[in-house]
Amino acid sequence: MTRIRILERSVAVRIAAGEVVERPASVVKELVENALDAGARTVTVDVEGAGLRLIRVSDDGGGIAAEDVALAFQRFATSKITRLEDLDSVRSYGFRGEALPSIAAVAHVTLTTRVPDAPVAVRAVVVGGSVQSVEPHGAPPGTTVEVRHLFHTTPARLKFLKSPAREQALIAEAVLNAALAAPHVAFRLAFDGRTPAVWPRTSLADRAAGALGARDAAEVIEVQAALPGGLARGWLQHPQYHRPSRTAQHVFVNGRPVHHATLRRAVEQGFAQLLPVGRFPAFVLFLDVDPALVDVNVHPRKLEVRFRDDGRLFGVVAGAVRRALLTSPLIRQITPGVVPAAPASAAGPLPEPAPVELSPGLPALELAAREAAGAYPRLAEPRLPTLRPVGQVLGTYIVAEGPDGLYLVDQHAAHERVLFERLRAARVRGGVASQVLAMPLPVDVTPGELSLIAGYRDQLAQLGYDVEPFGTGTALLRAVPAVAPDGRCDDLLRRAIAALAGEGTGEDPLDRLAIATACHVAIRAGDRLTHEAMATLLADLAAAEDPYTCFHGRPTIVAVPRAQLERWFLRT
Ligand code: ADP
Ligand code: MG
C-alpha cells in the first residue's frame, strides 16, 4: 500500500481535468478501476435502480490506511503518482485523484476499508463532498464503496441519462471491459438482487473468448503481432458470426479500454471480403506498448489514446489479422445449436456490393505491394480437404464428399473466388492473358464511359482488355481476358467500365476490375455442370488462398460433419 498524497498544484494542473462522473456507468468504472489498482482478486458490483439508488463495489484489495481515508476524498489526492514524469510510466488506471471527490460531490458515499494488518476496518460517511465521520467498523480486509442517491442534488444531470435499461447496459459494458482487462480477477455483477453475472478467474484467452460469446479460446481465432515498441494480441470471432454493429469490438491499450477508430478499421481491414457488406466482425484486441510511445492523456476520460505512428500500426494489425484468418479453417459447419448469422443477402437477389472501407492511411497500392512482398502468405498447402463431387442440386450447388462428411459448394461463389485469385495472381506476375476477338467489336458507350476507357487504358490492358475509343459514342473492343467465355463480350466490357467508375467492392480500380470480370465470367447459378467440371472447380477452390468466401463475403462452402449426420439419423 502506498500512502495517499495531494499532488502538487503544478502537477495537478498539467493533467487534463475531466468530468469523470457523467452517468452511473462512469461511477462503476471508476470504483472498479480503483479496486483493480488496489490489487483486488475479487470485485463484486451490486446495482439498484440502474445505479441511481445504489452502486456498491466491494474488493479484497490492499485497502486504505485509516489516517488516509479522509484524504482520499480531496481533489488531486492520489497514491499513484507524485511527479509529472511518473505519467510516462503510469500503469495504474487512476492517477488524477479525482474520482472519489467527484463522486462524493454528487451522491452520498460510504467507504469501508481495512488494510490487511489493521485489526479493524474504518467506515467514512461523506455527504455533499465533505467527510462527516470516520469510525471503526467490522469488515474484512479490502474496500467497499457504496454510492447512494446519485445526482439527487443535481437534477439537471438526471435529464441527460438514458432509459434505465440503457444505463444498465452501459454499466454491464463497463464491468465487461474491466473483466477483459483483468482476467486474473473474478467479477460478479448483479442488478436489483437478481442472479449475478459471474466471471471466474481465468486466462486472458478464455475471458476474451467468453466476451465474444464463444465457449472457450478454442472456438475463436488468436492473432499476435509484434509492434514498434510493443505487442498486439487479439481474439477474433469466426467471420460467420458477424454483427450488425460494432458493439462486439473491444480495444485495449495497456489494459485501458479505448476508442480507436484506426485500430478498429485495421482489424476490419483484415476481415475484408470475409464478411457481407454492412456487417462487422467481433473481436478483442489488446495492445501492450511502451507507455512513452502513447499519449493516454488525450481525453479527460482516458478513452482515447494517440500513437506516435498510426499508419504503421494499421498495417501491422491489419496484416496480422488477415494472416490469422487465412491460416485457420473457416468452413461454416452445420452443427446443432450454432446457427451462423445469415448474410444480409441470404434471401432474395444479391444487392450490388458497396465499396469496402479502406483506411485512408493504407492506399491500395501499398496493400498490393505488401501482398506481393508476401506479407499476406501464399499458401502452398491446399486449404480444403480433397473433395469428391457427388452431384449437383438445383443447378446451383455442388454436393461433395470429404473425409469427414458432406460438403455443399455454391458453384458461382466458388468459381468467382477462383477466377478472382487467378486474375490477381496473373496481374502481379505482369499481366493477364487475353484472347483477341475474331472481329473487333464496336460497343455503344456514353462520353463519360469513353473517358474512363481512355483514363484507365493501362489497367484495362493489365487485365487483358484491349479497347480504345472509336468516334464519339463507340468503343472498339479488340481483346478480352482469356478466361472469358465466347459471347456477351459487350456486357463484359460494360461491367468492367462500371467497375472503373467506382461501382462494386474494392478501393483499387484494378481490384474492382478483377472482381467485376470474375463475377461476370464465372459459372452462373443454373448452369449444368459435368462431373469433370465439378471436380476441376473443387480442386481449384481447394488451392485458393481464401477458399471460404467469395469477395462479397458470402460463403463458398458449408460442411455437414459426420457427427451431425449421425445425430440426424440417431446413429449415436
Ligand atoms: P486515483 O485513482 O486517480 O488515485 P481516486 O479519487 O479514484 O484517485 O482515489 C484516490 C485514492 O484513494 C487512490 O489513489 C487510492 O490510494 C485510494 N483508493 C480509492 N479506492 C480504493 C480501493 N478500492 N482500494 C484501495 N485504495 C483506494
Ligand atoms: Mg481512481
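### With respect to unusual backbone geometry
Here is step 1 of the chain: Non-glycine residue Phe-151 carries a positive phi angle of around 65°.
Here is step 2 of the chain: Mapped onto the elements of the fold, Phe-151 is located in the loop between β8 (142-148) and α4 (155-159).
Here is step 3 of the chain: A positive phi angle, close to 50°, is found at Asp-192, a residue other than glycine.
Here is step 4 of the chain: Counting through the fold element by element, Asp-192 comes out in the loop between β9 (186-191) and β10 (197-199).

### Comments concerning helix α13 (residues 489-500)
Here is step 1 of the chain: With 12 residues, α13 should reach 16 Å at 1.5 Å per residue; the first-to-last C-alpha distance of 17 Å fits that figure.
Here is step 2 of the chain: Inspection of α13 places Cys-489, Leu-492, Leu-493, Ala-496, Ile-497, Ala-499 and Leu-500 among the buried residues, and these make up the whole buried set. The buried side chains of α13 occupy one side of the element, clustering within an arc of 155° when seen end-on.
Here is step 3 of the chain: Tucked into the core, α13 has its buried residues touching β22 (434-444), α11 (447-455), α12 (457-462), β23 (466-469), β24 (474-481) and α14 (509-521).
Here is step 4 of the chain: One or two positions beyond α13, positive phi appears at Gly-502, with a value near 115°.

### Overview of the packing of aromatic side chains
Here is step 1 of the chain: Applying the stated criterion to the full structure yields 2 aromatic pairs.
Here is step 2 of the chain: Taking 6.2 Å as the distance between ring centres and 75° as the angle between the ring planes, the aromatic pair formed by Trp-235 and Phe-286 counts as edge-to-face. Of this pair, Trp-235 sits in strand β12 (residues 230-236) while Phe-286 sits in strand β15 (residues 283-289), and the two are 51 residues apart along the sequence.
Here is step 3 of the chain: The buried category is assigned to Trp-235, whose relative accessible area is 1%.
Here is step 4 of the chain: Owing to a relative accessible area of 7%, Phe-286 belongs among the buried residues under this scheme.
Here is step 5 of the chain: Taking the centre distance of 5.0 Å and the plane angle of 20° together, the rings of Phe-252 and Phe-286 count as stacked. Here Phe-252 is found in strand β13 (residues 249-253), whereas its partner Phe-286 is found in strand β15, with 34 residues between them in sequence.

### What to know about the nonpolar core
Here is step 1 of the chain: Formed by 63 residues in total, the largest nonpolar core has its most connected members in Val-43, Val-147 and Phe-187.
Here is step 2 of the chain: Discounting residues that sit within four places of it in the chain, Val-147 has contacts with Val-27, Leu-31, Arg-53, Leu-54, Ile-55, Ile-103, Ala-107, His-108 and Val-109.
Here is step 3 of the chain: With 33 residues, the next largest nonpolar core counts Val-443, Leu-492, Ala-522 and Phe-551 among its residues.

### Some points on the sheet that holds β10
Here is step 1 of the chain: Strand order across the open sheet formed by 8 strands is β7-β6-β5-β8-β3-β2-β9-β10, with mixed pairing between neighbours. Since the sheet does not close on itself, it has two edges, and those belong to β7 (130-137) and β10, each with one partner. Within this sheet the neighbouring strands show an average axis-to-axis angle of 10°, counted without direction.
Here is step 2 of the chain: For strand β2 (residues 42-48) and β9, the ladder comprises 6 bridges, and the chain directions are parallel. In the strand pairing of β9, Thr-42 is matched with Ala-186.

### Some details on the environment of Val-393
Here is step 1 of the chain: Topologically, Val-393 is positioned in strand β19 (residues 388-393).
Here is step 2 of the chain: In sequence terms Val-393 and Gly-526 are 133 residues apart; their C-alpha atoms lie 9.5 Å from each other.

### Notes on the packing of α13 against α14
Here is step 1 of the chain: For the pair α13 and α14, interaxial distance at closest approach is 8 Å and the crossing angle is 150°. Taken together, the axes of α13 and α14 are roughly antiparallel relative to one another. For the element pair α13 and α14, the recorded crossing hand is right-handed. Within the contact between the two elements, α13 uses Asp-491, Leu-492, Arg-495, Ala-496, Ala-499 and Leu-500 and α14 uses Pro-509, Arg-512, Leu-513, Ala-516, Thr-517, Cys-519, His-520 and Val-521.

Reading guide: rules and limits
Residues numbered from 1 in each chain as written. Chains lettered and ligands numbered in written order. Predicted model: local features only at pLDDT ≥ 70, side-chain atom pairs only at ≥ 80, totals over all residues. Heavy atoms only, no water. Helix = DSSP H or I, 4+ residues; strand = E, 2+ residues; numbered from the N terminus. Expected span 1.5 Å × (residues − 1). Buried < 20%, exposed > 50% of the residue type's maximum accessible area, 1.4 Å probe, protein only. Arc of directions from axis to C-beta. Contact = heavy atoms within 4.5 Å. Phe/Tyr/Trp six-rings, centres within 6.5 Å; stacked < 30°, edge-to-face > 60°. Core = buried A, V, L, I, M, F, W, Y, C linked by side-chain atoms within 4.5 Å. Pairing = 2+ DSSP bridges. Axes fitted to C-alpha atoms, helices over the stretch in contact; angles between N-to-C directions. Parallel < 35°, antiparallel > 145°, perpendicular 65-115°, else oblique. Left-handed = near helix turned anticlockwise from the far one by under 90°.

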